[in-house]
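One-letter residues, chain by chain:
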Amino acid sequence: ERPQTGRLALYLLGLRATCPPPKPHRALVTWLKYYLEEDWTGSQRHGHPLTSYYQYGLGVLALCVHHKRVREEVIRRLLAAQRHGRLGHSAVDTEAVLALAFACLERRKLVGVRLAAELRATVHSVSRSMAQAQGPEGIIGNIYSTPWALQVFLATGMCHTETVYSQAVAALLENLDAFGTAATMAQVLPVLHGHSYLDIASMHCQEELDTLTPLDVEPPTEVPGNKTVRLVVECAQPWCFELQLYDQQVSTPATASLLDVLWAATAQEPRFTFDTQDTPQGPYLTQVLGLEARQDKRNYWQLLTAPSKPLLMGIADYIPHDGETLILRLSKW
């Protein structure tokens, strides 16, 4: 089983933000250090961490926030992966997480002077490249990677009045309904208040009045009826015999997500199979019709709505409309 590096890192970041007494979480920090070593053993053998550079970056960031050092060899390997473009297809998220980890290590003086200068230069380089990658609607990468990019802008002191920053914030405000899980909310809430995860490391914990009150939330209104969605599976790889591998109409309840559509397709036709991997952002599509997306082959399952518009949400969050054509395309990054 793969080390739970990213999940434990996120938990420790959240725990530190709540200002807990030091003793209860010391054992968890030790476990995270153990997971990082296990993860890095995989990197030495396979050329990348057993989990991903994203999860590993979260682990380094969490250790830094808890004022723990990381071996210089590990930091330099992360720097090399970032410089040589080996971070995977979700590079904006991963580059941002690594940049925040580098900035934390440099600010907390947990590395030597020479390495600190390299980390500082890399963080500013990542910030500039993300600003240049901003789309016309203000989104950087996709809607979920935009909060990470904004955290990097905050870490590098980008002025809030700069157009790239304000446009990205405006894009988040227009797409807040996309952030429906605890993990995605944890990414977007700090930047909407002008903070990044780096601020957790320098928090002054003080006693506060318990002002939290339960919120009465009305259950969502059920939309009656069904919808029909056309589901298409394509393989855009040279080793595939044909581009289109599957093309069927799938009937589901009107409120069904893309994930529900995939489950309905398996019930409708047993030959249709898929698999997912749990991530902090929700389930991630890893296999369709027996074809697996693999990091070592540099491919992934791209989600599109016809004719060729990439989806900005994950499979559990996107709600297709009646008559829509959804395309799952095995693509290269």
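See above for the structure.
Scope of this entry: the structure provided in the associated data block. (Residues numbered from 1 in each chain as written. Predicted model: local features only at pLDDT ≥ 70, side-chain atom pairs only at ≥ 80, totals over all residues. Heavy atoms only, no water.)

A separate point is the pairing of strand β8 (residues 325-332). Every other side chain in a regular strand lies on the same face of the sheet, so the side chains alternate between the two faces. Of all eight residues in β8, seven are buried, a share of seventy percent or more. Sheet analysis places strand β1 (residues 226-235) next to β8, joined by six bridges and oriented parallel. Each bridged residue has a counterpart across the sheet, and for Arg 230 the counterpart in β8 is Thr 325. (Buried < 20%, exposed > 50% of the residue type's maximum accessible area, 1.4 Å probe, protein only. Helix = DSSP H or I, 4+ residues; strand = E, 2+ residues; numbered from the N terminus. Pairing = 2+ DSSP bridges.)

Moving on: a nonpolar patch on the surface. Taken together, the side chains of Leu 173, Leu 176, Met 185, Leu 189 and Leu 192 present a nonpolar region at the surface, about 410 Å² in accessible area. A per-element tally of the nonpolar patch places helix α9 (residues 182-192) first, with three residues. Structurally, the position occupied by Leu 173 is in helix α8 (residues 163-174). (Patch = residues over 30% accessible without salt bridge, like charges linked within 9 Å, V, L, I, M, F, W, Y side chains within 5 Å. Areas by Shrake-Rupley, 256 points an atom, 1.4 Å probe, with all protein chains shown as cover. Salt bridge = Lys/Arg side-chain N within 4 Å of Asp/Glu carboxyl O.)

So, about the packing of helix α5 (residues 91-107) against helix α6 (residues 113-132). At a minimum axis separation of 9 Å, α5 and α6 run at an interaxial angle of 145°. α5 and α6 meet at a crossing whose hand is left-handed. Along the contact surface, α5 presents Val 92, Glu 95, Ala 96, Ala 99, Phe 102, Ala 103, Leu 105 and Glu 106, while α6 presents Ala 116, Leu 119, Arg 120, Thr 122, Val 123, Val 126, Ser 129 and Met 130. Within the contact of α5 with α6, the residues separate by chemical class into 11 nonpolar, two polar and three charged. (Axes fitted to C-alpha atoms, helices over the stretch in contact; angles between N-to-C directions. Left-handed = near helix turned anticlockwise from the far one by under 90°. Contact = heavy atoms within 4.5 Å. Nonpolar A, V, L, I, M, F, W, Y, C, P; charged D, E, K, R; others polar.)

One pass over the structure, following the stated rule, counts 10 salt bridges. Note that Arg 77 and Glu 73 form a salt bridge whose closest N and O atoms lie 3.8 Å from each other. Linking Arg 77 with Glu 73, this pair stays in helix α4 (residues 72-83), spanning four residues, or about one helical turn. In this structure, a network of salt bridges that share partners links the residues Glu 37, Arg 71, Glu 73 and Arg 77.

Tallied over the full model, the rule gives nine aromatic pairs. Arranged with centres 5.4 Å apart and planes meeting at 85°, the rings of Trp 148 and Tyr 197 form a pair that is edge-to-face. Note that Trp 148 is positioned in helix α7 (residues 146-155) and Tyr 197 in the loop between α9 and α10 (198-201), a separation of 49 residues in sequence. The pair Trp 148 / Tyr 197 is uniform in exposure class, with both members buried. Their ring planes at 70° and their centres at 4.8 Å tell us that Trp 263 and Phe 274 sit as a pair that is edge-to-face. Within this pair, whereas Trp 263 is found in helix α11 (residues 258-268), its partner Phe 274 is found in strand β3 (residues 274-279), the two being separated by 11 residues in sequence. Residue classification places Phe 274 among the buried residues on the basis of a relative accessible area of 12%. (Phe/Tyr/Trp six-rings, centres within 6.5 Å; stacked < 30°, edge-to-face > 60°.)

This paragraph deals with the sheet that holds strand β7 (residues 309-310). Taking strand neighbours across the sheet as the criterion, the five strands line up as β2-β1-β8-β6-β7 in an open arrangement whose pairing is mixed. Looking at the sheet topology across the chains shown, the edges are occupied by β2 (244-253) and β7. In the packing of α11 onto the sheet, the strands contacted are β1, β2, β6 (299-305) and β8, and the crossing angle to β2 comes to about 105°.

This part is about the environment of Pro 283. Along the chain, Pro 283 falls in strand β4 (residues 282-288). Those residues in contact with Pro 283 that lie beyond four places of it in its chain are Leu 259, Thr 276, Gln 277, Ile 315 and Ala 316.

With that out of the way, let us pick up the sheet that holds strand β5 (residues 291-292). Pairing within the open sheet is antiparallel, and its three strands lie in the order β3-β4-β5. Each of the sheet's edge strands pairs with one partner strand only, and the pair in question is β3 and β5. Relative to β5, β4 runs antiparallel, the two sharing two bridges. Within the sheet, the bridge partner assigned to Val 288 lies in β5 and is Leu 291. Strands in contact with α11 are β3 and β4; relative to β3, the strand with the most contacts, it is inclined by about 150°.

Bringing the side chain of Ser 127 into the picture now. By the element assignment, Ser 127 lies in helix α6. For Ser 127, the side chain forms a polar contact with the side chain of Thr 156, separated by 3.2 Å. What Ser 127 contacts, discounting residues up to four positions off in sequence, is Val 152, Phe 153, Thr 156 and Met 158. (Polar contact = N/O pair within 3.5 Å; in protein donor to acceptor, adjacent residues only side chain to side chain.)

To continue, consider the nonpolar core. Within the largest apolar cluster, 71 residues are counted, with the highest numbers of intra-cluster contacts made by Leu 61, Leu 78 and Met 130. Per-element accounting of this core gives the leading share, 11 residues, to α5. Those residues in contact with Met 130, other than ones at most four positions away along the chain, are Val 92, Glu 95, Ala 96, Ile 140, Ala 149, Val 152 and Phe 153. Within the second largest apolar cluster, 26 residues are counted, among which are Leu 262, Phe 272, Leu 303 and Leu 326. (Core = buried A, V, L, I, M, F, W, Y, C linked by side-chain atoms within 4.5 Å.)

Topologically, Gln 82 is positioned in helix α4. Once residues within four sequence positions are removed from consideration, Gln 82 is found in contact with Leu 87, Glu 95, Leu 98, Thr 122 and Val 126.

Time to look at the packing of α4 against α5. One can describe the packing of α4 onto α5 by two numbers: an axis separation of 11 Å at closest approach and a directional angle of 140°. Overall, the two elements α4 and α5 adopt an arrangement that is oblique. Once α4 is placed against α5, the crossing between them reads as left-handed. Judged by residue contacts, Ile 75, Leu 78, Leu 79 and Gln 82 of α4 engage Glu 95, Leu 98, Phe 102 and Leu 105 from α5. Of the residues contributing to the contact of α4 with α5, the split by class is six nonpolar, one polar and one charged. (Parallel < 35°, antiparallel > 145°, perpendicular 65-115°, else oblique.)

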